[in-house]
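Each chain, written out:
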Amino acid sequence: MFDKLLEVEKRFNEVNDLVCQPEVVADMEQYTKLMRELKHLTPVVEKFREYKSAKETYEESKEMLSDSSLDEDFAAMVKDEFEQSKEDIERISEELKILLLPRDPNDDKNVIIEIRGGAGGEESALFAGVLYRMYSMYAEAKGFKTEILSASETGLGGFKEISFSVDGDGAYSRFKFESGVHRVQRVPETESQGRIHTSTTTVAVLPEAEEVDFELNDKDLQIDTFRSSGAGGQHINKTSSAIRITHIPTGTVVECQDERSQHKNKEKALKVLRARLYDAEKAKHDAEIAGERKAQVGTGDRSERIRTYNYPQGRVSDHRINLTLYKLEQILNGDLDELIDALITADTAEKLKASES
């Protein structure tokens, strides 16, 4: 671990020097990339320097304690310093192990979230709307920007499906554990006898793929235009501004009819298509790394039931980490940090265990 930390510190010093050079500052792409790297290296280096300081104190006090001529009071003070530095070394060592765990390369990325109604008909579509609102409010609280990419509404105000982007530094790191089946238990407004119904909604969280991550070849794309359907006013229904893109090699189809501009719809559809194809490649790669897959909280599989929202009991239960919180209303209003922090902690613990085995 010590050798690895020395390498990290060396790289930190190199990057620190580079970002001060005028030619690097002038190249915005390179400068942004280096600043991002610096941001990740800084906490590791700061913690390593804290470790070296504690180690130095430990060695000095240990040497002083071997001197039998020390004054009794002074010796007691040095002994306290020795014990404290010993504790600090143990604590900091554990913190460094966590900081040195391999980072998810997608953590800094923007995300595309797709929510689809599942079992339960209209009730499921209504809950899809509830989840969209919950994620939008959480994103806003985090200072992230959201934008609807496509939506298929139902007559009662729910969504058969909705996809939207969340842009912000670290968006994927906060949303990545939301992929899977979300189950809701509540009494629908249409239920006259007060019976609790169970329905499900599926969430997929895709890291937004940049062109360098996943290059689309024009000859692999079939692009069709059609008239937008549903809400949108008279103008939107008179023009063929909606876009359907089919990725011929995989058969993946993406539609976007949210904008009046054909160009904007095409831009949004390509963004979703690139993210879906990148996600499929990522899932294939992850499946090949069995050890890494075991060291994750949940598989990210969209068919995995991850959470239950129980309205009568006012509780939310996350089945992957056996966590139940009796604060349903706050969570549905975007107060997700306690849930997400617990998932990140559990995932870190799993990865730490895997790295030590």
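All figures in this text were calculated on a predicted structure; none of them were measured in a lab.

A. Highlighting the environment of Asn 322. With respect to the helices and strands, the residue Asn 322 is situated in the loop between β10 (315-318) and β11 (323-325). On the accessibility criterion, Asn 322 (73% relative accessible area) is exposed. For the pair Asn 322 and Arg 307, spaced 15 residues apart in sequence, the C-alpha separation works out to 9.7 Å.

B. Structural context of the packing of helix α3 (residues 28-65) against helix α4 (residues 72-99). Taken N-terminus to C-terminus, the directions of α3 and α4 make an angle of 150 degrees; their axes are 8 Å apart at the nearest point. With respect to each other, α3 and α4 are oriented roughly antiparallel. In this structure, α3 meets α4 at a crossing whose hand is left-handed. In the contact of α3 with α4, the residues fall into 16 nonpolar, four polar and 10 charged.

C. Expanded view of the sheet that holds strand β6 (residues 221-226). With antiparallel pairing, the three strands of this open sheet are ordered in space as β6-β7-β8. The open sheet terminates on both sides in strands that have one partner only, identified here as β6 and β8 (252-256). Put simply, the sheet's adjacent strands are angled 15 degrees from each other on average, direction ignored.

D. Spatial organisation of the nonpolar core. Counting residues in hydrophobic clusters, the biggest one holds 31 residues, and the most contacted among them are Ile 113, Ile 115, Tyr 135, Val 166 and Phe 175. Going through the elements one at a time, β1 (111-117), α5 (121-141), β3 (159-167), α6 (171-175), β5 (197-207), α10 (328-332) and α11 (337-356) are the ones with two or more residues in this core. One finds Leu 41, Phe 48, Tyr 58 and Ile 89 within the second-largest nonpolar core, a separate group that totals 20 residues.

E. Structural view of the confidence of the model for the protein. Looking at the protein as a whole, its pLDDT mean stands at 85, while 88% of the residues score no less than 70. Confidence, expressed as mean pLDDT per element, reaches its minimum in the protein at helix α7 (residues 233-238) with 42 and its maximum at α10 with 97. A low-confidence stretch, residues 290-295 stays under pLDDT 50, and its non-local contacts, those more than four residues away or across chains, total 10 contacts.

F. Representation of the sheet that holds strand β2 (residues 145-153) within the structure. One open sheet holds the eight strands; their spatial order is β2-β3-β1-β5-β4-β9-β10-β11, and the pairing between them is mixed. Lying at the two open borders of the sheet, with one neighbouring strand each, are β2 and β11. Ignoring which end each strand starts from, the neighbouring axes of this sheet average 15 degrees apart. Here seven bridges tie strand β4 (residues 180-186) to β5, and the two strands are oriented antiparallel to one another. Following the sheet pairing, Gln 185 is matched in β5 by Thr 198. The sheet strands contacting α11 are β9 (305-310), β10 and β11, and the helix crosses β11 at an angle near 170 degrees.

G. Examining α3 more closely. Look at α3: 54 Å from first C-alpha to last across 38 residues, which is about the 56 Å you get at 1.5 Å a residue. All of the buried residues along α3 are Leu 34, Leu 38, Leu 41, Val 44, Val 45, Lys 47, Phe 48, Tyr 51, Ala 54, Tyr 58 and Ser 61. On its buried side, α3 packs onto α1 (2-18), α2 (22-26) and α4.

Here is what the cut-offs are and how they apply
Residues numbered from 1 in each chain as written. Predicted model: local features only at pLDDT ≥ 70, side-chain atom pairs only at ≥ 80, totals over all residues. Heavy atoms only, no water. Helix = DSSP H or I, 4+ residues; strand = E, 2+ residues; numbered from the N terminus. Buried < 20%, exposed > 50% of the residue type's maximum accessible area, 1.4 Å probe, protein only. Axes fitted to C-alpha atoms, helices over the stretch in contact; angles between N-to-C directions. Parallel < 35°, antiparallel > 145°, perpendicular 65-115°, else oblique. Left-handed = near helix turned anticlockwise from the far one by under 90°. Nonpolar A, V, L, I, M, F, W, Y, C, P; charged D, E, K, R; others polar. Pairing = 2+ DSSP bridges. Core = buried A, V, L, I, M, F, W, Y, C linked by side-chain atoms within 4.5 Å. pLDDT = per-residue confidence, 0-100. Contact = heavy atoms within 4.5 Å. Expected span 1.5 Å × (residues − 1).

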